[in-house]
Amino acid sequence: MTAKGTDGASTTGARTTQSASTGAPGAAAHTAGRDAEERAYRTAAEHGDAADRHAYAEFLVGRGRVDDAVRWLEEAARGGEPRAARLRAVTAKDRGQYAVAAYWYRTAAERDGACAFGLAELLWERLDDQEGAAEWYARGAALGSVECRTNGALLLLSQGRSTEAEVELAQAAPYDHVAGRVEQRMAELGERIDLHRARILELAALYGLPAEERPADLPERVAEFLDDAEECAPFSELHTEPEWFTSYPSFLPEAEKAYVEARALGNPRTDQWHALLHYNLDRYEDACRVLTDGLRRHPDSRLLSRSLSAVHFQYGELARYEASLRPGAEAGDRIQQRRLGDLCREQWRTAEARRWLEAAEAGTDGDDAPYEAAADSLAELAADEHTTPPALSAAEESRLPALHAAAGSGDPAAALELGRLAEQLHRYPEAVRHYRHAAAAPDAPASAPAASASASDVSASGAGGGADSARQAQSAERSSGEDESPAGPAALASYALGRMLHEECGAHEKAVVPLYLPAARAGDLDAVEGLGALYVRLDDPVAAEPWLRRAARFGRPEAAGWVGNRVGDGYGDLEEAVRWWTRAARSGKVWYGWRAGKQLVRWRRYEEAEALLRLAWTGREQQEALHEAAYWLARALHGQARTAEAVEWLRTAREVHHLVRLGYSGFMLASLFDPATELAELLVDEVATPEAYAEAAELLAAVPETSPQHRAAVQLPARAPGRGGAPGDREPAARDAEGAAET
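The structure reproduced in this document is the subject of the present report. (Residues numbered from 1 in each chain as written. Predicted model: local features only at pLDDT ≥ 70, side-chain atom pairs only at ≥ 80, totals over all residues. Heavy atoms only, no water.)

What follows is about the pattern of salt bridges. Note that side chains of opposite charge can pair when their charged atoms are close. Scanning the entire structure with this criterion turns up 67 salt bridges. Close ionic contact of Arg-537 with Glu-509 constitutes a salt bridge, the shortest N to O distance being 3.4 Å. Placement of Arg-537 in helix H28 (residues 525–537) and of Glu-509 in helix H27 (residues 509–522) is noted, with a sequence separation of 28 residues between them. Measuring nitrogen to oxygen at the nearest pair gives 2.9 Å for the salt bridge that ties Arg-579 to Glu-576. Here the residue Arg-579 and the residue Glu-576 both occupy positions in helix H31 (residues 574–586), the gap between them amounting to three residues, near one helical turn. Judged by relative accessible area, Arg-579 falls into the partly exposed class, the value being 23%. Through salt bridges with shared partners, a single ionic network connects Asp-67, Arg-95, Asp-573, Glu-575, Glu-576 and Arg-579. (Salt bridge = Lys/Arg side-chain N within 4 Å of Asp/Glu carboxyl O. Helix = DSSP H or I, 4+ residues; strand = E, 2+ residues; numbered from the N terminus. Buried < 20%, exposed > 50% of the residue type's maximum accessible area, 1.4 Å probe, protein only.)

Listed below in structure tokens is the structure:
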């Protein structure tokens, strides 16, 4: 979110203040001052104008109280305050309410450049509406928003419209360092490619000379250019920065010319780099074309043949992968032999696997990389050979003739089932054929369009509020995914193919995303959650978020936990995060009970916290960090005036504190809570029996040795009867601030 609450740091797991006995008087004064400040803001909001209501709402958002702020933001926005409209839109966007966010941006976008900018960003990044984004960037620029002009230029650049973009950047650059930086990066890229091409042509000309006229050090010059250029980054690194060409695609043709011209240098590595650029840009066919062409010119290049195989493997093209391995394997390439052996072993073709793996193990080519050694694969193969191969049941076998007949007649459901049975037998190429056959059949369209299925969602609470149009927008978001028809067999076959290629055959995430999409758009929850997980692994949380929100809304606990982390840690909206963490915990992911529970303790919502922390405690054997739940549970019980139970849980927390400390280091460890001290305080001030005083004295005895200035260790013994004090004889302000110090 735009404004982070003071609670944002509390998600780290360490206490942000001292316990009441060591820091509460100051906390009480701070809390009183803050309460007075809030009363002043609220009084002004209740009796003032839209600007006053916006100021109060901003105060609330800054303290993590987005729920309370919504009313005041909407009132201020309806009163004509564009800053309130903008902040209300941001809070909605952070909660996944994209249509609601668009509504509030639109209320002020025609007169406020910042709202026009926010709307354009929303349309481009979250709603995949580049045309709408371009319109609002242009309108915002006309209102004087330099950010709109710069980002509008970036949109033009991504579309390859560099001439128009350069005009916009030139106007923005004097006022926006981002625009200036983009101009600089473009100039650097253009200069770099020009230098590469000039040097390539120079070296190629030398290679064109008769052999006796070529410089003796020409191979060294070529090697230096490829790997260690002085005037710019080496040519060997150009393909490693694909973001240059996704951001500025107009430069790609010039880069391709450089690679084509580099063929004259006679080094197959330039073909590999050219292909890897295409691979990094997710252009599979182009990568294969470049490598195949390179092999025609360098038929003995193991570098190119291995690279071609690797590209096929990453894209899950099993038949092409195997076909590309065989020539090298038969020619004695140990790496290709090992890969082919592994492929056969995974498909339970054990005799072939043994042939190729033993050849790889016995080979003497001398170019085998350590990670390609065949010994481990041979050991796994030996274990497989003593295991019963996968087989179908008698009932499944009996169905095969009818399934083949139905699939041959065009029944996609039969083809889908044949694919599943082939996958069960590890006959992956056969499964691919059946799945693709089924996926090619037409499915009835889903009731909701693809854009709404992937671009919008609702918050964990469903709270939206606002004008009728805003409520209608949110209602549309809610209904966009909940009434869809089930995915048909074609969509399910596409998803099954993608899942098998990724999980069983090792295909890269980017290669299978398109295969997950049909079923995800049609509402299959496994595909929805799986697609979100693919985007997470591709380091694209913006793309992952709508899918995982949708999966979370329908009860997927891992997705709910991820959304909670995204909202709480990423956007700073802990109220919404706690709702998602609570969902995740109640659906079986007890880790999130700890995250939600300790935050609820800080908010003094002790009863809610207790149930979640008890859940978290049940997972301590599987996740060691959850031993910390004992401490927070003790505080939740103490907040409910259940002192005896709190004491028992603090004793437990003290017993496991050595495990808790393992999860912290540095400042976090130094500022970590001490359950022994807090237990001693409860024993002296609330239990107040001779046995309790004795236990407290024992707990505190060792503290002065390591912390001689520790206030509790010095003051608590004096409060015990017979030592100058009476039970509960601490400052009233300290008692009153027990919970306030953590708020």
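There is more to say, and it comes next.
Attention now goes to helix H18 (residues 334–346). The end-to-end C-alpha distance of H18, which contains 13 residues, comes to 18 Å, matching closely the 18 Å that a straight helix rising 1.5 Å per residue would cover. In terms of residue burial, H18 counts as a mostly covered element, since 12 of its 13 residues are buried. On the buried face of H18, the contacting elements are helix H16 (302–314), helix H17 (318–330), helix H19 (350–362) and helix H20 (375–385). Of the residues flanking the start of H18, the one acting as N-cap is Asp-333, its side-chain oxygen 3.0 Å from the backbone nitrogen of Ile-335. Where H18 terminates, the next one or two residues include Trp-348, which has phi positive at roughly 65°. (Expected span 1.5 Å × (residues − 1). Contact = heavy atoms within 4.5 Å. Polar contact = N/O pair within 3.5 Å; in protein donor to acceptor, adjacent residues only side chain to side chain.)

With that out of the way, let us pick up the environment of Gly-294. Of note, Gly-294 is situated in helix H15 (residues 284–297). Sequence separation between Gly-294 and Asn-267 is 27 residues, and the spatial gap between their C-alpha atoms is 9.8 Å.

Take the nonpolar core next. One finds Tyr-435, Met-500, Leu-501, Leu-531 and Leu-613 to be the most contacted residues of the largest nonpolar core, which totals 101 residues. A total of eight residues in this core trace back to one element, the largest contributor, which is helix H34 (residues 629–639). With sequence-adjacent residues up to four places away left out, Met-500 is seen in contact with Glu-423, Tyr-428, Ala-431, Val-432, Tyr-435 and Cys-505. In terms of nonpolar packing, the next biggest core, distinct from the first, is built from 38 residues, Ala-77, Ala-101, Ala-116 and Leu-122 among them. (Core = buried A, V, L, I, M, F, W, Y, C linked by side-chain atoms within 4.5 Å.)

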